[in-house]
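As a plain string of letters, each chain reads:
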Amino acid sequence: MEPRRRAEVTGLGTLQSGTCQRVQLRVRFADIAWTALCFVLAVWAVGSSVGAATGMTAWAYCAAAWILLVVACAMRLTTVQARKRI
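(A) Focus on the nonpolar core. Counting six residues, the largest nonpolar core is built from Cys38, Leu41, Ala45, Ala65, Leu69 and Ala72. Looking at this core, the elements with two or more residues in it are helix 1 (20-53) and helix 2 (59-85). Leaving out residues up to four positions away in the same chain, Ala72 has contacts with Trp34, Leu37, Cys38 and Leu41.

(B) The arrangement of the environment of Met75 in detail. Position of Met75 relative to the elements: it lies in helix 2. When its relative accessible area of 40% is taken as the criterion, Met75 is described as partly exposed. Here the alpha-carbon distance between Met75 and Trp34, two residues 41 residues apart in the chain, equals 8.7 Å.

(C) View of the state of the cysteines. Within the structure shown, the criterion is met by zero disulfides. Free of any disulfide, Cys73 has its nearest cysteine sulfur in Cys38, 3.8 Å distant.

(D) Representation of the pattern of salt bridges in the model. Here the structure, examined in full by the defined rule, presents one salt bridge. In this structure, Asp31 and Arg76 form a salt bridge, with 3.4 Å as the shortest nitrogen-oxygen distance. With a gap of 45 residues between them, Asp31 in helix 1 and Arg76 in helix 2 connect regions that are remote in the sequence. Under the relative-accessibility criterion, Asp31 is labelled buried at 15%. A residue is classified by how much of its surface remains accessible, and Arg76, at 22% relative accessible area, is partly exposed.

Calculation criteria
Residues numbered from 1 in each chain as written. Predicted model: local features only at pLDDT ≥ 70, side-chain atom pairs only at ≥ 80, totals over all residues. Heavy atoms only, no water. Core = buried A, V, L, I, M, F, W, Y, C linked by side-chain atoms within 4.5 Å. Buried < 20%, exposed > 50% of the residue type's maximum accessible area, 1.4 Å probe, protein only. Helix = DSSP H or I, 4+ residues; strand = E, 2+ residues; numbered from the N terminus. Contact = heavy atoms within 4.5 Å. Disulfide = S-S within 2.5 Å. Salt bridge = Lys/Arg side-chain N within 4 Å of Asp/Glu carboxyl O.

The structure is reproduced here in structure tokens:
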């Protein structure tokens, strides 16, 4: 019987180009980035809304924050739905 050969492990191991784990890693990084962007925009939108409600003239920042938040959340949802279709 021939002894089992050990696969040569390089620096990246299962994260080498073309592996399933590498694709999953990219998807995970994209999820983290979209979530972070939505969180930052949500904090900015709520903060600017509070500032605008207390009488400060921040209505333009408030509107921009809410518009960007809606666009980012919509893009995140479409990427998730497109990924499920594949």
